[in-house]
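# Working through the structure, step by step
The lines below spell out each chain.
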Amino acid sequence: CGDRSTRGSAARGARRRTAHAAACPSGPVPLIAAWVGDVDARSDGRPAQNNVHWFVDGSRVIATWHQVGYYSMHEDLLNSFQMVTTERSDVAPGDFDRELRYGQCEWTAGDASGGTGGLGGSEARAGFDAGDMSRGQELPGSGTPAVLDLCTMGNAGTPGVWSFQFRDGLPL
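On a predicted model such as this, the values are computed, not experimentally measured, just so you know.

A count of helical and extended segments in the protein chain gives 0 helices and 12 strands. The order of α-helices and β-strands along the protein chain, N terminus first, is β-β-β-β-β-β-β-β-β-β-β-β. Scored against the burial criterion, the 172 residues of the protein chain give a buried share of 44%. Put simply, 53% of the contacts in the protein chain that link residues at least 6 apart link residues at least 24 apart. Total accessible area on the protein chain is roughly 8,200 Å²; 51% of this is exposed by carbon and sulfur atoms.

Inspection of the secondary structure assignment puts Gln 104 in strand β8 (residues 96–104). Here the side chain of Gln 104 touches Glu 106 through a polar contact of 3.2 Å, side chain to side chain. Once residues within four sequence positions are removed from consideration, Gln 104 is found in contact with Gln 67, Leu 78, Asn 79, Ser 80 and Cys 151.

Both strand β6 (residues 60–70) and strand β7 (residues 74–87) contribute to a ladder of 8 bridges, which runs antiparallel. Paired with Val 68 across the bridge in β7 is Asn 79. Hairpin connection between β6 and β7: a loop of 3 residues separates the two successive antiparallel strands, and Met 73 in this loop has a positive phi of roughly 60°. The pairing of β7 with β8 spans 8 bridges and is classified as antiparallel. What sits directly across from Met 83, in β8, is Leu 100.

Attention now moves to the side chain of Asn 79. Examined against the element boundaries, Asn 79 turns out to sit in strand β7. Judged by its relative accessible area of 0%, Asn 79 is buried. There is a polar contact of 3.1 Å between the side chain of Asn 79 and the backbone nitrogen of Trp 107. Not counting residues up to four positions away in its chain, the partners in contact with Asn 79 are Trp 35, Trp 65, His 66, Gln 67, Val 68, Gln 104, Cys 105, Glu 106 and Trp 107.

For the structure shown, the criterion picks out 1 disulfide. Sulfur-sulfur distance for the disulfide between Cys 105 and Cys 151 comes to 2.2 Å. Between Cys 105 and Cys 151, the disulfide has an S-S torsion of 80° and is therefore right-handed. Placement of Cys 105 in the loop between β8 and β9 (125–129) and of Cys 151 in the loop between β10 (136–138) and β11 (161–167) is noted, with a sequence separation of 46 residues between them. Residue Cys 105 shares its accessibility class with Cys 151, and that shared class is buried.

Cut-offs used in this document
- Residues numbered from 1 in each chain as written.
- Predicted model: local features only at pLDDT ≥ 70, side-chain atom pairs only at ≥ 80, totals over all residues.
- Heavy atoms only, no water.
- Helix = DSSP H or I, 4+ residues; strand = E, 2+ residues; numbered from the N terminus.
- Buried < 20%, exposed > 50% of the residue type's maximum accessible area, 1.4 Å probe, protein only.
- Contact = heavy atoms within 4.5 Å.
- Areas by Shrake-Rupley, 256 points an atom, 1.4 Å probe, with all protein chains shown as cover.
- Polar contact = N/O pair within 3.5 Å; in protein donor to acceptor, adjacent residues only side chain to side chain.
- Pairing = 2+ DSSP bridges.
- Disulfide = S-S within 2.5 Å.

Pasting the structure below:
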């Protein structure tokens, strides 16, 4: 991925310059977003939360947002999610699988998106965008209060786990 963001997304190529949630497809840059909203990883010094980190393990890259608050430096509600990318050159060069994993979903929008107390406003979105202004898919509940249900729903047989295969740069 060309751009790994502390704000909950990964883009290829040029960087997207907004933290606000927009429907997919929405832009000229390919994007896979675990949580596009007002993620604010700044902290008042508590080391056990507001962690954003990446781990590379052979053919996998794991991006983790652990107990992140919402803008502007609010920590009363916290979200935890991961984006796991597995390189699949065994299928074809450039192919990959992506899992979006949700463990804690408490807030939907921060101050910058019109939220109050972490809720309301322009709620967070999750999904992917091919970057061609026509192909994209949002996960259920995106842009609504039901985005919090990403933690209890899934498509992989485990609550909170959403699994996708990307072949030739596009989801199957």
